[in-house]
Amino acid sequence: MVLSFIEGNEAIARGAIAAGCSFFAGYPITPATSIYQHMLQLLPPLGGICLQGEDEIASIGFCLGAAMTGLSVMTATSGPGISLYSEQISLAIGGEIPLVIVDVQRLGPSTGSATKGADGDIQFLRWGNSGGLPVIVLAPVDVKDCYQLTLHAFRLAGKYRCPVFIASNKEIAMTRESVDLDPLHSRKSAAVSFLKPIGGAELSRLTSSTHGPDGYITADSAVIAQAIERMERKLLSAVDDFTYFDLDTREDDTTLLVVYGVTARAARTALQHLRDKGEKISLLALKTLYPVPEKCILHSFEGKNRVVVVEMNLGQYVREIERLATVLPVSFHGKMDGELISPQEIVAWVTQ
Amino acid sequence: MGDTMTSLLNNSRPPVFCPGCGHDLVVRKLDTALQGMGLSGDKVVIVSDIGCSGLFDTFFNTHAFHGLHGRALTYATGLKMARPELTVITVMGDGGLGIGGAHVLSSCRRNLDITLLVLNNFNYGMTGGQCSVTTPVDAQTSSGFLNQLDAPLDICRVAESAGAPYLVRTMATDKELAEQLAGAIEYPGFAIMDILGLCPGRYTKRNRTSIAQLKSQMKSMHPVADGPVPENEREEYGAHYRRLALATSPQVSDGGITTTCEKIVDQRREVLLLGAAGQYINTAGEVLCLAGMSGGLQVSQKNDYPITVLRGHSVCEVVLEPGSIGYTGISKPSVVIAVSAEGVARRKGVFSLLNKDDLIIKPYDLEIPVTEARIIEIDRKEQAIKPSQMALAALAVLAGNDCVITLKMLHSGLAARFSGKLLEDAMGVLEKMQ
Ligand code: SF4
């Protein structure tokens, strides 16, 4: 076995190249910078384009322009930058522009701590656009996931013509680990062909205004309703196509622990300790956060009499779990001090 | 309008500007210019901004990108880089010019082959006549007295100092407008046209501005701005980019690490390296990981150092485990390599957690908090170890004691990380420690 020793950010860059990404633009920001640095190493020699925008707004704008010509594009940033992306994200949703956006989360609010991890942007990624239409959010657990979910992200962005977020975390992005990438290479999926690119023989119109199928602004409420509903349905009805998760469950387990991101690693260790102590506990590590994979979550609830949610924030995704759990009691534990949640903390929270 | 056969105007969507609006003239003259250049619609993309000028793209049978306020140049940049053969024309008002100022300046500096038309009518027409960055201080706007406070901006002056190689200041009513537009579009670089026009819908309702007045106002503006700016002319960004990109070579893949040694641990081990900037702590952590990997271990490495990289602590956390690694943090290390006071201060709490089975490796003269752990000291003076070699020396001690890694693993780790003179130097340190 040949092992690579790379960090999550490098795995994302390599995954992007394997997925056929040919355009990247970004603005330096810790802890996302090394994605840009790797893309700058990788893309130009392959004939691709890597640009540094004058700010985050420009960087994602470059990507939107390039995406509309049919290129597979990606950008990467962190909290302060994802905030600046917000208006352009809305444009990508409304204009149905395929785009992979990596948010390497760091401790907020605001400038916060550039070198400390968090999962504090989860609801922002879902709702940080005007109009509130759904987006796809994938959350890697480790370096391997960074690579694999990036492959998925490009496929999904092209297939559903929407922005796809990779909700990484400084603790995955800048942690190097040994990983065997070889088995992952073969999973490369075929590129989705881009309908009516700008520059093609057929004229293409992209507009940020409310528009009908012809790409012209419209005030016709029936046409508007149809377009909005279609954009919502195209993702909500397709979530089975991209429900990624790890479920470790045994027949007579009665407690379900729900986690995502880097916390899933500590949870795996905690699960072992808890089972050794005789706890009847299952672990659900979600890798698709949005649209909420309701079927998968409801299935994991089966036979359980309580749910424990642990997050590296003060309680964001737990809202989705509570909504689905209805009468099943849900308890939440989390923290925002820039430190990883440890297996010991999870054990204590579950057994308290 | 010229020959309707080649006109790019969208007959089903005629311009809807207020009567007398300067924008209307520009639409028609732009069509004349494009016709004269023999461009078909599929070779042209109009990138429009927000406001009345934002309607521009709908009047043409070309590709269109109508995005966000002030950001038109960002899309234009992506489009032109991705499809260099396209003619990219960006249209914005003086509102877009203000809110997107950073992109205008950067586009001047970049010199990508984009044409920017600024439809400058001194106010925000669509939202009700508020002041913009070009509103004269004595104008009446719906921004009350606020426009009296800010100096109006002359984009040609700004663009000239920002490096724009082609500038034209003109009027929507200028008889030469079509030729001027064609000149700007044909120019192989970033070309800006500041096109002064009237906004009867809002601005001229309160301000007695006439074409003649605008003309004389324009005459007093410097620089003259009627074409290329020789001192700013240079290679076009896209061509330059592709030329430099062609000279880059593909990254040589590191090839990865193969298992060549026997591992000596059967459970998770956490190693903490505590040092200071300049002591190659991260490199030592990496070598330790590569050594572990050569013994078939899974590894993870996290670094902690201040943003001012050349000063202060440098701490590295390494986890080595026979199976896959869960938690990547350090709960209680079994080995602490302490080589500087800055590092020790950063993690002083860890020492009291250690017990007699744990190991600390440190220079003999480094003070550490009270601990139960076994301590191996390095006589750095006797062995002539420089501060920058201390962490590596400590790894040699670790391997020499067959703790976590063996010497064979350390050799493999070093060989994976270094070559040539650097590898020789590293091996030199190892020899000293044996
Ligand atoms: S408001 Fe002014 S800029 Fe807008 S269409 Fe009317 S005259 Fe033209």
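Parameters at a glance
Residues numbered from 1 in each chain as written. Chains lettered and ligands numbered in written order. Predicted model: local features only at pLDDT ≥ 70, side-chain atom pairs only at ≥ 80, totals over all residues. Heavy atoms only, no water. Helix = DSSP H or I, 4+ residues; strand = E, 2+ residues; numbered from the N terminus. Buried < 20%, exposed > 50% of the residue type's maximum accessible area, 1.4 Å probe, protein only. Contact = heavy atoms within 4.5 Å. Areas by Shrake-Rupley, 256 points an atom, 1.4 Å probe, with all protein chains shown as cover. Lys, Arg positive; Asp, Glu negative; His and termini not counted. Charge placed at Lys NZ, Arg CZ, Asp CG, Glu CD. Buried area = accessible area lost by both parts, 1.4 Å probe. Salt bridge = Lys/Arg side-chain N within 4 Å of Asp/Glu carboxyl O. Polar contact = N/O pair within 3.5 Å; in protein donor to acceptor, adjacent residues only side chain to side chain. Nonpolar A, V, L, I, M, F, W, Y, C, P; charged D, E, K, R; others polar. Pairing = 2+ DSSP bridges. Domains from an automatic or database assignment. Expected span 1.5 Å × (residues − 1). 1 Å grid on protein atoms, 1.4 Å probe; cavity = no way out; pocket = protein on both sides within 12 Å on 5 of 7 lines; lining within 4 Å. Points joined across faces, edges and corners; volume = space filled by probe spheres on them. Phe/Tyr/Trp six-rings, centres within 6.5 Å; stacked < 30°, edge-to-face > 60°. Patch = residues over 30% accessible without salt bridge, like charges linked within 9 Å, V, L, I, M, F, W, Y side chains within 5 Å. Axes fitted to C-alpha atoms, helices over the stretch in contact; angles between N-to-C directions. pLDDT = per-residue confidence, 0-100. Left-handed = near helix turned anticlockwise from the far one by under 90°. Core = buried A, V, L, I, M, F, W, Y, C linked by side-chain atoms within 4.5 Å.

Draft legend 1. Looking closely at the overall build of chain A. Scanning chain A from N- to C-terminus turns up 13 helices and 16 strands. With the C-alpha coordinates of chain A rotated into their principal frame, the extents come out at 65 × 50 × 40 Å. Put simply, chain A has 352 residues, and 63% of those count as buried. Taking the intrachain contacts of chain A between residues at least 6 apart in sequence as the baseline, contacts between residues at least 24 apart amount to 76%. Of the accessible surface of chain A, which amounts to about 12600 Å², a share of 53% is contributed by carbon and sulfur atoms. Of the side chains in chain A, 30 bear a positive and 38 a negative charge, and the two mean positions are spaced by 3 Å.

Draft legend 2. Region of the structure containing the interface of chain B and chain A. Counting residues at the interface gives 60 residues for chain B and 61 residues for chain A. Of the roughly 5000 Å² buried between chain B and chain A, counting both surfaces, carbon and sulfur atoms make up 55%. Where chain B touches chain A, the interface holds five salt bridges. Measuring nitrogen to oxygen at the nearest pair gives 3.0 Å for the salt bridge that ties Glu54 of chain A to Arg110 of chain B. At the junction of chain B and chain A, the tally comes to 27 residue pairs in polar contact (both at pLDDT 80 or more). Mapped by element, the contributors of at least two residues to the side of chain B that touches chain A are strand E2 (63–66), helix H2 (72–82), helix H4 (101–110), helix H9 (237–246), strand E10 (257–258), helix H10 (281–294) and strand E12 (298–304) of chain B. A per-class count over the side of chain B that touches chain A returns 23 nonpolar, 28 polar and nine charged. When strand E10 (residues 205–207) of chain A meets E2 of chain B, the two strands line up parallel, connected through three bridges. Bridging across to E2 of chain B, Thr207 of chain A finds its partner in His66 of chain B.

Draft legend 3. Representation of the environment of Pro363 of chain B. Residues and elements named next belong to chain B. Following the sequence through the fold, Pro363 ends up in strand E15 (residues 359–363). Between the C-alpha atoms of Pro363 and Ser142, which are 221 residues apart in sequence, the distance is 73 Å. Apart from the residues lying within four places of it in its own chain, the contact partners of Pro363 are Ala338, Val339, Ile378, Arg380 and Met390.

Draft legend 4. Layout of the domain arrangement of chain B. Segmenting chain B into domains produces domain 1 (22–244) and domain 2 (269–433). The centre of domain 1 of chain B, based on its C-alpha atoms, is set 60 Å off from the matching centre of domain 2 of chain B.

Draft legend 5. View of the domain arrangement of chain A. Residue and element names in this part refer to chain A. If you check the domain split of chain A, you get domain 1 (3–189) and domain 2 (245–351). Counting from both sides, the interface comprises 25 residues of domain 1 and, opposite them, 23 residues of domain 2. Interface area, domain 1 with domain 2, both sides summed: about 2000 Å², of which 57% is carbon and sulfur. If you sort the residues of domain 1 by the area they bury against domain 2, Asp119, Gln123 and Val141 come out on top, with a joint share of 28%. Run the count over domain 1 and domain 2 and you get three salt bridges. The partner of Lys116 in a salt bridge is Glu339, with the nearest N and O atoms 3.9 Å apart. Our count for the contact surface shared by domain 1 and domain 2 stands at 12 residue pairs in polar contact (both at pLDDT 80 or more). Secondary structure elements with two or more residues in the side of domain 1 that touches domain 2: strand E6 (113–117), helix H5 (122–127), strand E7 (136–138), helix H6 (143–160) and helix H7 (170–173). Looking at the side of domain 1 that touches domain 2 residue by residue, the classes come out as 12 nonpolar, five polar and eight charged.

Draft legend 6. Helix H10 (residues 263–276) of chain A, seen in detail. Residues and elements named next belong to chain A. The first and last C-alpha atoms of H10 sit 20 Å apart over 14 residues, in line with the 20 Å expected at 1.5 Å per residue. Inspection of H10 places Thr263, Ala264, Arg265, Ala266, Ala267, Ala270, Leu271, Leu274 and Arg275 among the buried residues, and these make up the whole buried set. The secondary structure elements touched by the buried residues of H10 are strand E9 (176–179), strand E11 (245–248), strand E12 (255–260), strand E13 (281–286), strand E15 (306–311) and helix H13 (343–351). Two residues or fewer past H10, Gly278 is found with a positive phi of approximately 95 degrees.

Draft legend 7. Examining empty space enclosed by the protein more closely. Residue and element names in this part refer to chain B. Throughout the structure, instances matching the rule amount to four cavities of 30 Å³ or more. Lining the largest cavity, in full, are Gly22, His23, Val26, Leu119, Asn120, Asn121, Ala172, Ile195, Gly197 and Leu198. Of all elements in the fold, only helix H1 (22–36) and strand E4 (114–120) reach the threshold of two or more residues within the lining of the largest cavity. At three residues, H1 tops the list of elements feeding residues into the lining of the largest cavity.

Draft legend 8. Focus on the side chain of Ser7 of chain B. All names here are of chain B. Note on placement: Ser7 falls in the segment before H1. Polar side-chain contacts of Ser7 include one of 3.0 Å to the backbone nitrogen of Leu9. At 2.8 Å, the side chain of Ser7 and the side chain of Asp31 are in polar contact.

Draft legend 9. Up close: the packing of aromatic side chains. All names here are of chain A. Across all of its chains, the model carries 10 aromatic pairs over all chains by this definition. A centroid spacing of 6.5 Å and a plane angle of 10 degrees characterise the contact between Phe24 and Tyr36, whose relative ring orientation is stacked. Taken together, the positions of Phe24 in strand E2 (residues 23–26) and Tyr36 in helix H2 (residues 33–42) put the pair 12 residues apart, joining distant regions of the chain. With a centroid separation of 5.7 Å and an interplanar angle of 70 degrees, the aromatic rings of Tyr160 and Phe242 are classed as edge-to-face.

Draft legend 10. Region of interest: a nonpolar patch on the surface. Residues and elements named next belong to chain B. A cluster of nonpolar side chains, namely Phe145, Leu146 and Leu149, defines an oily patch on the protein surface of about 340 Å² accessible area. Mapped onto the elements of the fold, Phe145 is located in the loop between strand E6 (130–131) and helix H5 (155–162). By relative accessible area, which is 54% here, Phe145 ends up exposed.

Draft legend 11. Here's a closer look at the sheet that holds strand E9 (residues 226–228) of chain B. Within the open sheet, the eight strands sit side by side as E10(A)-E2(B)-E1(B)-E3(B)-E4(B)-E8(B)-E7(B)-E9(B). Their pairing is mixed. The sheet is open, and its two edges are formed by E10 of chain A together with E9 of chain B, each paired on a single side. The sheet shows a mean angle of 15 degrees between the axes of neighbouring strands, direction not considered. Looking at chain direction, strand E7 (residues 166–171) of chain B and strand E8 (residues 191–196) of chain B are connected through six bridges and run parallel. Across the sheet, residue Tyr166 of chain B finds its bridge partner in E8 of chain B, namely Ala191 of chain B. Strand contacts of helix H8 (residues 211–219) of chain B: E7 and E8 of chain B, with the helix running at about 150 degrees to E7 of chain B, the strand carrying the most contacts.

Draft legend 12. Structural detail: the sheet that holds E10 of chain B. Across the sheet, nine strands lie side by side as E10(B)-E1(A)-E9(A)-E12(B)-E13(B)-E11(B)-E14(B)-E15(B)-E16(B); this open sheet has mixed pairing. Single-partner strands in this sheet number two, and they are E10 and strand E16 (374–378) of chain B. Where strand E14 (residues 335–338) of chain B and E15 of chain B come together, three bridges link them in parallel fashion. Paired with Ile337 of chain B across the two strands is Ile361 of chain B, which belongs to E15 of chain B.

Draft legend 13. Here's a closer look at the confidence of the model for chain B. When pLDDT is averaged across chain B, the result is 94; 99% of the residues are at 70 or more. For this predicted complex, the interface confidence score (ipTM) comes to 0.97, while the overall pTM stands at 0.96.

Draft legend 14. Representation of the packing of helix H1 (residues 8–18) of chain A against H6 of chain A in the model. Residues and elements named next belong to chain A. The N-to-C vectors of H1 and H6 enclose an angle of 30 degrees; their axes lie 8 Å apart at closest approach. In the packing of H1 onto H6, the handedness of the crossing is right-handed. Two secondary-structure elements touch here, H1 through Gly8, Ala11, Ile12, Arg14, Gly15, Ala16 and Ala18 and H6 through Val143, Cys146, Tyr147, Thr150, Leu151 and Phe154.

Draft legend 15. Inspection of the layout of surface pockets at higher detail. Put simply, the largest pocket is a space of about 1100 Å³. Lining the largest pocket are 46 residues, and of these Lys170 of chain A together with Lys302, Asn303, Asp304 and Tyr305 of chain B lie nearest its centre. Looking at the lining of the largest pocket, its residues break down into 16 nonpolar, 14 polar and 16 charged.

Draft legend 16. Region of interest: the nonpolar core. The biggest cluster of nonpolar side chains holds 156 residues, and the ones touching the most others in it are Phe23, Met39, Met74, Leu257, Tyr317 and Ile346 of chain A together with Phe65 of chain B. Ranked by the residues each element gives to this core, the list is headed by H6 of chain A, at 10 residues. When neighbours within four sequence positions are excluded, Phe23 of chain A is seen to be in contact with Leu43, Ile49, Leu51, Phe62, Cys63, Ala66, Leu71, Ser72, Val73 and Met74 of chain A together with Gly78 and Met81 of chain B. If you look at the next biggest cluster of nonpolar residues, it comprises 49 residues, including Leu320, Val335, Ala426 and Leu430 of chain B.

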